[in-house]
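Secondary and tertiary structure notes
The residues making up each chain are set out below.
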Amino acid sequence: MSIQYQAVGWNRQKKLYDGVVAAGVLGLPLLFAGVTLLRDSYATVETALIRGLGLTAFLLLQLILVIGPLCRLWPRFLPLLYNRRHLGVTMCLVALAHAGFAVFQFHALGDVNPMVSVLISNTAFGSVGGFPFELLGLLALLILVLMAATSHDFWLSVLSPPVWKGLHMMAYIAWALLVAHVALGAVQADPGSALPLVVGGGAVLVIMLHLAAGLREWRFDRSGVAGSEWVDVCAVDSIAENRAKVAMVGGERVAVFRYDGKLSCVSNVCRHQNGPLGEGKIVNGCITCPWHGYQYRPDTGTSPPPFNDRVETYFLRVVTGRVQVNAKANPPGTRVSPVLLGSSPDGHRDDTPGDPFYSGYEPSAALAVARPVSRLVVTMLLLCFGVMVTLAVAQPRFAPAVFLAAGTGNDGPVTGTVVDRPYPVLVVSGEVSGVRQYLLAGPGKHRADMASWDGRAVRVLGNLLRRGNAAMLEVAEITEAPGEAAVAPIPQTDLGVFTVTGEIVDSKCWLGTMNPGQGKTHLACAVRCLSGGLTPLLAVQDSSGRERHLVLSEANGGPMARQRLAQVGRRVTLTGRMIREGDLLFFRVSVP
């Protein structure tokens, strides 16, 4: 306890604990990203980091939520409670990093504000499968940020313990939202990976531990004797010196403490965070809560000056060696004369260096708990590392799409003729097929502005994107190509009417800017790219299972209508006329 708010004081044990936590927070996403990039040369750093940070935050939240029931079931986990808020703030920062990277990657550099994009890119609220999982993650993040911002004891004092406790119980709402966020997002996108097992197994673990701890506490609460003025609690000799026995009296938990040859009884509930006073001990004449060290005098239930916290006290008596407690609680802070037992028995003082009691990093407890706490933390960290490696290895393979920056071995500069309708294309003379077309894109999520270059021979320098036999140039520089003749218009071949099933994707990401550049997790980015005028493709598979792409346009040969943005990122079946134009297949959709 302290009379003023101050910075955390680190000692050796806390430095070690925080060092392990920091190593885990930095190491987990880096480990995931490293394994991802090593096992698949087509993986991108951005995707690996976004996934790694998200999984790290999710695992930390799972860990935070199981600490409580683990402490109820196995007291050896109790030391972890002291740093649970610290771990929660760390988890919130990791979640913010994940969200920040994801929002920038999928929503920035488009035609609307990134946060607006999060809200409007997917509006399939009536569909379970198509529900915008991003909004669930956003709601969860808002709760976590609110909890992190109010984690300091200043806010606990201002809001009052009941309000503060209720606010921080919203961690379970955030957890449920995040389970749904992952299930409707990453799990739905890659159902064949190990992620469904990890998410489902983690959810079952959290629920089962809470049910087991709740059942244990429920059985204890039912052990009390109802309707009796005096309740028999235990034998006097069963209470260790400077320790307590917890019992149900009058429907409430009480703690009977033995100290200096006396007995006193107080409520078991600490006013700070509802910690279990009966699991604490007498330190310097005061009951000390094992969770955070808040103290109360055993005979009055009041905190030592200058503090003013108070708990209820109870009358008690000793009858034939048994402790009996009056079922009626006294008002908080009421002094009750202790029951005298005589001198404190030798050999029963529970304040030796081997004392397992834990409150923060009390010197007498530090040595006793340091080793088991270290083992617990390291074991949990190794388990998290194992989960990360498993998830990284089990990821589906990334598509063979590449992004080559200008001047790093790509095809630029490329000379050809610009055709601006319905989408900008650079047509070049080829040595084998006679014609080759590069799709053109502007910076970010925008169409390349080629209207003034339409029909002219130009030289284009840009970043090259390539997937299979499809290629695109993200235009960095375009200049006139003196002495070059414009390529003649490419003849069109009508291949007939077809009905095909596939996914509408934006060509830039699908060809290599992002990987994977398709699926539900990429839906919002595809909407922003296509809204910005980038060339839409219909990604399909032919009868032999090979990947094909069709340039999507409307029946009149014009650009894709904005109304079709609602179909982006989902499996759709479309009917239209197939037109071959050089290397490209244009699909003119005739049915909505």
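That block above? That's the structure.
The following paragraphs examine the structure supplied in this document. Residue numbers run consecutively from 1 along every chain, following the written order of its sequence. Reporting in this predicted model follows two pLDDT cut-offs: at least 70 for local features of residues, and 80 or more for side-chain atom pairs to be given and counted; totals over whole chains, interfaces and linings ignore these cut-offs and use all residues. For the side-chain quantities, the full set of heavy atoms in the structure was used; hydrogens and water were omitted.

Moving on: unusual backbone geometry. Along the chain, Arg 421 connects to Pro 422 via a cis peptide bond; the corresponding omega equals 0°. Inspection of the secondary structure puts Pro 422 in the loop between strand 13 (414-419) and strand 14 (425-429). Following Asn 515, the chain continues to Pro 516 via a peptide bond in cis, the omega torsion being 5°. Even without being a glycine, Asp 260 presents a positive backbone phi close to 50°. Numbering of helices and strands runs from the N terminus, with a helix taken as a DSSP run of H or I at least four residues long and a strand as a DSSP run of E at least two residues long. Here Asp 260 lies in the loop between strand 3 (252-259) and strand 4 (262-267). For Asp 260, a relative accessible area of 46% gives the class partly exposed. For Thr 320, which is not glycine, the phi dihedral falls at a positive 50°. Type-normalised accessible area, obtained with a 1.4 Å probe on protein chains alone, sets the label of each residue: buried when under 20%, exposed when over 50%, and partly exposed for intermediate values. For Thr 320, a relative accessible area of 77% corresponds to the exposed category.

So, about the side chain of Gln 62. Residue position: Gln 62 is located in helix 2 (residues 45-73). Overall, the relative accessible area of 9% leaves Gln 62 in the buried class. A polar contact is formed between the side chain of Gln 62 and the backbone oxygen of Gly 202, at a distance of 3.4 Å. Contacts are residue-level and defined by heavy atoms, with any inter-residue pair within 4.5 Å sufficient. In this view, Gln 62 contacts Trp 175, Gly 202, Ala 203 and Val 206; residues no more than four positions away in its chain are not counted. For this analysis, a polar contact is any N or O atom pair within 3.5 Å, provided that within protein one partner can donate a hydrogen and the other can accept it, and provided that sequence-adjacent residues contribute only side-chain to side-chain pairs.

For the rest of this paragraph, the subject is the packing of aromatic side chains. Stacked, edge-to-face and tilted are the three classes for Phe, Tyr and Trp ring pairs, Trp counted by its six-membered ring, which pair at centre distances within 6.5 Å; planes under 30 degrees apart are stacked, over 60 edge-to-face, the rest tilted. The full count for this structure, using the stated rule, is two aromatic pairs. Ring geometry for Phe 125 versus Phe 131: centroids 5.8 Å apart, planes at 80°, classification edge-to-face. Whether a charge sits over a ring depends on NZ of Lys or CZ of Arg being within 6 Å of the ring centre and within 35 degrees of the ring normal. Seen from the ring of Trp 230, Arg 317 lies directly overhead, with NZ or CZ sitting 4.1 Å from the centre. The ring of Trp 510 has Arg 467 lying over it, and the distance from NZ or CZ to the ring centre is 4.0 Å.

Positionally, Leu 530 belongs in helix 12 (residues 523-531). C-alpha of Leu 530 to C-alpha of Asp 111: the two residues are 419 residues apart in sequence and 9.9 Å apart in space. Beyond its immediate stretch of four places on either side in the chain, Leu 530 contacts Ile 504, Val 505, Asp 506, Thr 535, Pro 536, Met 560, Leu 565 and Val 568.

Let's shift gears to the nonpolar core. Counting 75 residues, the largest nonpolar core has Leu 80 and Phe 257 as the members making the most contacts within it. Put simply, the parts of the chain that give this core at least two residues each are helix 1 (12-39), helix 2, helix 3 (84-107), helix 5 (133-149), helix 8 (171-189), helix 9 (195-221), strand 3 and helix 10 (363-394). For this core, the leading source of residues is helix 2, giving 14 residues. When neighbours within four sequence positions are excluded, Leu 80 is seen to be in contact with Tyr 17, Ile 67, Val 373, Val 377 and Met 380. For the purposes of this section, nonpolar cores are sets of buried Ala, Val, Leu, Ile, Met, Phe, Trp, Tyr and Cys residues that join through side-chain atoms within 4.5 Å.

Moving on, we come to the environment of Arg 436. Structurally, the position occupied by Arg 436 is in strand 15 (residues 435-441). With 148 residues separating them in the primary sequence, Arg 436 and Leu 584 have C-alpha atoms 8.7 Å apart.

A separate point is the packing of helix 2 against helix 8. Angles shown run from 0 to 180 degrees and are taken between the N-to-C directions of axes, each axis being a line fitted to C-alpha atoms and, for helices, limited to the stretch in contact. Running from N to C, helix 2 and helix 8 point in directions that differ by 145°, and their axes come no closer than 11 Å. In this structure, helix 2 meets helix 8 at a crossing whose hand is left-handed. Judged by residue contacts, Phe 58, Leu 61, Gln 62 and Leu 65 of helix 2 engage Ala 171, Tyr 172, Trp 175, Leu 178, Val 179 and Val 182 from helix 8. Three categories are distinguished: nonpolar for Ala, Val, Leu, Ile, Met, Phe, Trp, Tyr, Cys and Pro, charged for Asp, Glu, Lys and Arg, and polar for the others, with Gly belonging to the last. Taken together, the residues of the contact of helix 2 with helix 8 sort by class into nine nonpolar, one polar and no charged. If you view the pair so one helix is near and one far, a crossing is left-handed when the near helix is turned anticlockwise from the far one by less than a right angle, and right-handed when it is turned clockwise.

Moving on, we come to the sheet that holds strand 18 (residues 492-506). Within a sheet, adjacent strands bond to each other through the backbone by hydrogen bonds, running parallel or antiparallel. Note on pairing: DSSP must find at least two bridges between two strands before they are called paired. With mixed pairing, the five strands of this closed barrel are ordered in space as 18-19-20-22-21. Shown here is a sheet whose adjacent strand axes are inclined to one another by a mean of 55°, direction ignored. Seen against the sheet, helix 12 touches strand 18 and strand 19 (536-541) and runs at an angle of roughly 135° to strand 18.

Between Lys or Arg on one side and Asp or Glu on the other, a salt bridge is scored when a side-chain nitrogen of the former is within 4 Å of a carboxyl oxygen of the latter. Summed over the entire model, instances satisfying the criterion amount to 16 salt bridges. Linking Arg 335 and Asp 299 is a salt bridge whose minimum nitrogen-to-oxygen distance equals 3.5 Å. Of this pair, Arg 335 sits in the loop between strand 10 (322-326) and strand 11 (339-340) while Asp 299 sits in the loop between strand 7 (295-296) and strand 8 (313-314), and the two are 36 residues apart along the sequence. Judged by its relative accessible area of 17%, Asp 299 falls in the buried class. Shared partners join several salt bridges into a network, and the residues in it are Arg 216, Glu 217 and Arg 253.

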